[in-house]
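Tertiary structure, described
Spelled out from the first residue to the last, the chains are:
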Number of protein chains: 2
Amino acid sequence: MHRSHTNGELRIENAGQEVQLAGWVQKIRDKGFMIWVDLRDRYGITQLIFDEERSEKAVIEQAKTLGREFVIQVTGTVIERQSKNEKIPTGKIELLVSKLQILNGAALPPFTIEDETDGGEELRMKYRYLDIRRNPVKESLIFRHKVTQEVRNFLSNEDFIEVETPYLIKSTPEGARDFVVPSRMNEGQFYALPQSPQTFKQLLMVGGMDKYFQIVKCFRDEDLRADRQPEFTQIDCEMAFVEQEDILNIFEGLTRHLLQKINRIDIAEFPRMSFEHAIKTYGNDKPDIRFGMEFGELNAAAKHRNFKIFDEAELVVGIAVPGGASYTRKEIDKLIDWVRRPQIGALGMVYVKCHEDGTYKSSVDKFYNQEDLAKWAEETGAKAGDLICVLSGVADKVRTQMSALRMELAERLGLRKPNEFAPLWVVDFPLLEWDEETERYHAMHHPFTSPKPEDMALLDTDPGKVRANAYDLVLNGNEIGGGSIRIHDKNTQALMFDHLGFTPEEAKEQFGFLMNAFEYGAPPHGGLAFGLDRLVAILAGKETIRDFIAFPKNNSGRDVMIDAPSKIDAEQLTELNLKLKH
Amino acid sequence: MHRSHTNGELRIENAGQEVQLAGWVQKIRDKGFMIWVDLRDRYGITQLIFDEERSEKAVIEQAKTLGREFVIQVTGTVIERQSKNEKIPTGKIELLVSKLQILNGAALPPFTIEDETDGGEELRMKYRYLDIRRNPVKESLIFRHKVTQEVRNFLSNEDFIEVETPYLIKSTPEGARDFVVPSRMNEGQFYALPQSPQTFKQLLMVGGMDKYFQIVKCFRDEDLRADRQPEFTQIDCEMAFVEQEDILNIFEGLTRHLLQKINRIDIAEFPRMSFEHAIKTYGNDKPDIRFGMEFGELNAAAKHRNFKIFDEAELVVGIAVPGGASYTRKEIDKLIDWVRRPQIGALGMVYVKCHEDGTYKSSVDKFYNQEDLAKWAEETGAKAGDLICVLSGVADKVRTQMSALRMELAERLGLRKPNEFAPLWVVDFPLLEWDEETERYHAMHHPFTSPKPEDMALLDTDPGKVRANAYDLVLNGNEIGGGSIRIHDKNTQALMFDHLGFTPEEAKEQFGFLMNAFEYGAPPHGGLAFGLDRLVAILAGKETIRDFIAFPKNNSGRDVMIDAPSKIDAEQLTELNLKLKH
């Protein structure tokens with residue numbers, strides 16, 4: 001071992017001991033007669049001291065050759081520090097160095113290895129191994145490890161078995177694009193990398209595994225949006241002989257366990273909300289319920305007052321902004337500009353100031369009297385001092401716009417506190433959604449999701465109204481997981497494929513093995529999957545996932561550190577029976 | 001929940017309770033007036049009883065429609081069984097059924113779902129989800145889960161951090177063939193699937209992660225031999241600021257922990273043996289040391305006695321077979337046939353019977369007197385009653401042949417006991433091995449393995465003699481893991497690439513990012529990787545890994561259950577800028 005202790009370990013109790021440390025040079029202060037070096041490793045920082053009076057000359061000379069990020073090994077005596085540093089656990093001591101060995105030199109790093117760095121995103125990605133030395137990144141990776149250990153402990157204690165499913169599987173055109181892997185041994189054929197282990201976990205249920213989980217990489221060849229990765233990690237779970245309620249309870253338990261163990265927070269309430277309610281009240285299916293600002297529908301109180309815009313709108317909807325009555329005209333104009341940005345797309349915004357004296361002042365006073373506006377305040381829950389913001393238009397669109405405005409204002413008002421956690425189940429999702437492009441219904445979750453039995457009759461008459469036994473777990477306005485009770489009998493599954501526009505031949509070609517499995521005694525089953533990258537980020541109070549992934553890819557799907565993907569040998573292509581088209 | 005208890009849970013203490021069970025019909029005995037059904041789930045079997053006197057007629061009629069592997073849910077009362085079954089934990093009770101619901105029917109399974117099945121390998125693979133219902137497969141997967149949990153607990157307690165490294169990486173022509181993944185977003189370029197996270201774990205050490213592990217899938221596009229899988233799982237580890245001894249100690253600890261927790265066995269000794277010693281004494285670098293039969297080198301005592309075959313041989317080597325003196329002539333002839341099979345390739349075998357009266361009888365009495373043979377007995381450790389088997393020829397080949405004979409005889413003699421464990425470190429591996437085909441040296445482990453400093457001088461004069469800081473963990477004659485102290489300075493790494501025949505350009509092209517990383521302060525580091533599939537099989541006392549993999553592939557790399565790999569759409573190929581050559 002190149003060390004007797006780590007750099008986070010020594011305390012005043014160790015004073016007088018001779019120890020050996022190793023690590024990276026974080027900082028050097030050279031006063032000529034005295035040199036201090038901050039020595040860093042994963043566990044902390046220990047101050048080294050080289051001193052004309054107490055150290056040998058040769059050692060001091062050697063210390064003068066050190067540079068930032070040199071890797072060194074030192075032997076010395078732990079001594080009490082004169083000026084103590086209360087900010088770090090080793091701050092009461094320093095090491096008087098008697099022997100110094102340079103284990104490796106270091107070129108000047110392309111950015112500073114400090115908590116706050118001067119390195120831009122691209123540079124830090126290229127030198128990710130240096131970025132990982134920085135506390136924020138290092139701690140994020142350690143945090144992720146702790147979360148996965150807790151997930152595994154909780155689920156193992158609940159009798160779940162982690163089963164590894166294969167990575168080289170079969171391509172299915174349904175869903176997002178697959179990454180494919182040409183097979184050399186099976187000429188002209190391809191494996192696909194899994195978008196999720198969905199069918200395998202269902203087969204494990206048919207196989208009697210009863211409770212399955214896996215923390216597993218999944219792959220999607222999508223055009224990348226910000227904060228999407230072509231490979232990502234799921235906590236994937238499935239259970240047999242369960243109903244929706246059982247699954248919600250188990251994973252509510254997991255979420256409570258994580259918040260308790262990781263964040264030391266006990267969650268009292270774990271509410272459930274229907275998809276329909278979420279959409280009507282928050283304008284989206286993953287509401288952040290840490291703050292109010294719920295939607296008030298104002299059609300009754302706003303239409304038929306000769307205000308043409310509202311009269312022609314399908315939906316008039318408002319929210320109350322706490323303390324917003326004090327906004328200046330300029331501030332409100334900025335808000336109006338904000339909702340009119342193309343990314344939001346509102347045509348305008350009506351507002352009402354709720355004064356402390358109980359009167360209202362709106363931008364549409366020409367059409368609405370105090371009584372009307374009082375009604376708006378009632379519907380939106382606005383109190384004296386609040387500002388009511390009102391949007392109108394086609395229901396779907398205006399809800400999305402209002403949701404964006406609500407989140408933006410909450411962010412500005414500091415209502416989205418990173419250390420406050422409000423989980424929520426959203427349930428009763430629609431089974432199908434209409435796709436304008438292909439002009440047919442698609443499965444909202446996936447084709448194995450079971451419809452609610454009481455809604456089955458609607459499949460033929462009003463498919464969009466059929467609700468599924470599907471649920472999402474939402475945490476602080478982010479969807480962190482979702483799942484469903486699956487179809488477990490072959491007739492219902494065939495019916496579903498039919499409604500999704502698969503011919504029996506296509507269904508057989510793509511999912512034949514699952515349909516076959518259903519012939520041999522499939523139990524009722526269901527499950528869910530958590531997106532681990534996002535879950536970890538949110539538990540850490542962050543919203544970007546990149547720092548929680550050791551070696552992330554950029555928005556073009558490139559790993560700029562190793563420079564992948566890259567060209568391959570012609571010979572390798574030939575072996576795979578492939579050639580490039582151009 | 002479709003059940004109040006599992007089928008492994010009810011005891012005599014539950015008698016009188018009304019419970020609900022669910023599971024698969026394992027067996028039906030229909031006596032007309034009474035029907036017994038064995039109901040199975042992951043947790044066990046509970047006997048159900050339907051009885052003319054105590055059950056409603058409708059329920060009995062329904063029970064008569066059941067078939068094997070039907071999925072049912074029953075409600076009933078726990079009663080004491082008349083004829084108890086002591087073999088199963090639920091054997092003292094049965095469930096008098098009052099209500100039966102068929103949750104799903106089942107076609108007749110293609111093989112019996114019993115511990116001993118009538119299904120052949122291919123059939124069981126095709127219906128793997130049914131095979132998993134069988135106890136031996138199910139228990140193997142649960143066993144694997146327990147092993148991985150213990151690995152994670154041990155390493156986490158030792159401050160290792162599990163870090164996920166990427167699956168979409170860069171292809172390198174070194175080593176085995178990569179599976180590649182065409183990139184749609186980066187036209188004409190390919191990712192590769194990792195053969196191991198080797199370079200990433202080294203980068204994590206450069207990044208200061210200090211102690212890393214990961215249980216991770218790896219991929220190799222090899223022509224498959226029996227019991228090899230194109231995707232396999234590694235326990236991958238790396239540590240910084242360590243020497244070989246530190247790594248051996250930690251992973252000796254892990255191995256002890258697993259044997260203790262999983263097998264309830266405390267390992268007293270954990271011997272270490274040099275590669276050279278292993279080869280000389282056991283003829284291979286992964287000796288099974290649970291039994292003796294060590295090689296005796298007989299050159300001195302066998303040459304120059306006018307026996308031409310031995311005189312011309314580079315090596316004459318023998319082993320003592322315990323109790324083998326009693327073998328009949330026919331048995332010995334069969335043994336000689338066995339070593340002459342093309343898979344072994346010996347030209348013949350000389351033998352010596354060591355009689356109880358202290359005399360020797362050999363197949364070469366014409367050339368050797370009793371004194372010579374006594375010397376052979378001494379060299380091989382043969383005692384009265386043993387048989388000495390002697391092979392001769394070119395040293396390398398004859399050692400391999402003798403090793404095969406030793407293992408075969410030990411197997412026949414029952415010396416390879418599945419519940420006895422003898423781990424062993426083999427150390428001091430050669431750094432390089434000569435490749436006849438390319439007529440150059442290859443890295444025996446990989447190009448990042450560090451040479452022993454004291455052997456560095458030999459690199460230019462006698463490269464084959466240079467020993468590496470490399471080690472393998474051997475368990476019961478199987479290599480279950482291996483690793484090395486890595487090179488951590490760029491000069492040594494460049495020297496190694498040079499000796500391995502890489503031009504500086506090739507080295508830069510393939511490993512540039514690692515060489516770059518070494519510029520910025522790489523710590524001394526090393527690690528190892530365990531093959532999880534094999535480790536789990538051996539801990540379970542088995543040698544075939546397939547039953548410990550949920551969904552294995554066959555020898556052509558096919559998943560016969562899902563029928564992968566398979567053809568993909570022309571459209572998908574076009575998107576990837578690819579076409580098939582023919």
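Along the polypeptide, Arg152(A) turns up in helix 4 (residues 135–157). Look at Arg152(A) and you get buried, because its relative accessible area is 3%. Those residues in contact with Arg152(A) that sit more than four places away from it in its chain are Glu162(A), Phe213(A), Ile215(A), Gln149(B), Arg152(B) and Glu162(B).

This part covers the environment of Tyr471(B). Residue and element names in this part refer to chain B. Among the secondary structure elements, Tyr471 is positioned in strand 20 (residues 470–475). With relative accessibility at 0%, the residue Tyr471 sits in the buried group. Sequence spacing of Tyr471 and His445 is 26 residues, and the spatial spacing of their C-alpha atoms is 9.5 Å. Among the polar contacts listed, one links the side chain of Tyr471 to the backbone oxygen of Ser484, at a separation of 3.1 Å.

With that settled, the discussion passes to the domain arrangement of chain A. What the domain assignment reports for chain A is domain 1 (12–104), domain 2 (139–272 + 423–548) and domain 3 (291–412). Each of domain 1 of chain A and domain 2 of chain A has a C-alpha centre, and the two are 52 Å apart.

All right, on to the environment of Thr438(A) then. All names here are of chain A. Turning to its location among the elements, Thr438 is positioned in the loop between strand 18 (432–435) and strand 19 (440–443). Accessibility expressed as a relative area gives 42% for Thr438, which makes it partly exposed. Sequence spacing of Thr438 and Phe448 is 10 residues, and the spatial spacing of their C-alpha atoms is 20 Å. Within the structure, the side chain of Thr438 is placed 3.3 Å from the side chain of His442, a separation counted as a polar contact.

Within a beta sheet, neighbouring strands are joined by backbone hydrogen bonds and run either parallel or antiparallel to one another. All names here are of chain A. Strand order in the open sheet made by the 5 strands is 12-13-16-14-15, with antiparallel pairing throughout. Edge positions in the open sheet fall to strand 12 (296–297) and strand 15 (360–362), since each of these has one partner strand only. Relative to strand 16 (residues 387–393), strand 14 (residues 350–354) runs antiparallel, the two sharing 4 bridges. Bridging across to strand 16, Val350 finds its partner in Val390. Across the sheet, helix 11 (residues 370–380) lies against strand 12, strand 13 (315–321), strand 14, strand 15 and strand 16, angled at about 95 degrees from strand 15, the strand it touches most. Sitting on the sheet, helix 12 (residues 395–412) is in contact with strand 12, strand 13 and strand 16, with an inclination near 10 degrees to strand 13.

Side chains of Lys579(A), Lys581(A), Lys579(B) and Lys581(B) sit close together on the surface and give a patch of like positive charge. Here Lys581(B) lies in the segment after strand 23 (578–580).

Calculation rules
Residue indices begin from 1 for each chain and proceed along its sequence in written order. Lettering of chains starts at A and numbering of ligands starts at 1, both following the order in which they are written. Two thresholds apply to this predicted model, a pLDDT of at least 70 for residue-level local features and 80 or more for giving and counting side-chain atom pairs, whereas whole-chain, interface and lining totals are computed over all residues. Only hydrogens and water are set aside; all other atoms, that is, all heavy atoms of the structure, feed into the side-chain values. Secondary structure elements are taken from DSSP: a helix is a run of H or I of four residues or more, a strand is a run of E of two residues or more, and numbering for both begins at the N terminus. Type-normalised accessible area, obtained with a 1.4 Å probe on protein chains alone, sets the label of each residue: buried when under 20%, exposed when over 50%, and partly exposed for intermediate values. Whether two residues are in contact is decided by their heavy atoms: any pair within 4.5 Å suffices. Here a polar contact is taken to be a pair of N or O atoms separated by no more than 3.5 Å, where protein atoms must pair a possible hydrogen donor with a possible acceptor and residues adjacent in sequence count only if both atoms sit in side chains. What counts as a domain boundary in this text is fixed by an automatic or database domain assignment. For two strands to be treated as a pair, DSSP must find at least two bridges joining them. An axis is simply a line fitted to the C-alpha atoms; with a helix, the fit covers only the stretch in contact. Between two such axes, the angle follows the N-to-C directions and lies from 0 to 180 degrees. For patch detection, residues must exceed 30% relative accessible area and be free of salt bridges, and they are connected within 9 Å for like charges or within 5 Å for nonpolar side chains (Val, Leu, Ile, Met, Phe, Trp, Tyr). Using a 1.4 Å probe, accessible areas were evaluated by the Shrake-Rupley method; residue-level cover was limited to the displayed protein chains. Put simply, a salt bridge is a Lys or Arg side-chain nitrogen that is within 4 Å of an Asp or Glu carboxyl oxygen. For the charge count, each Lys or Arg is scored as positive and each Asp or Glu as negative, with His and the chain ends excluded. The atoms used to mark charge sites are NZ of Lys, CZ of Arg, CG of Asp and CD of Glu.

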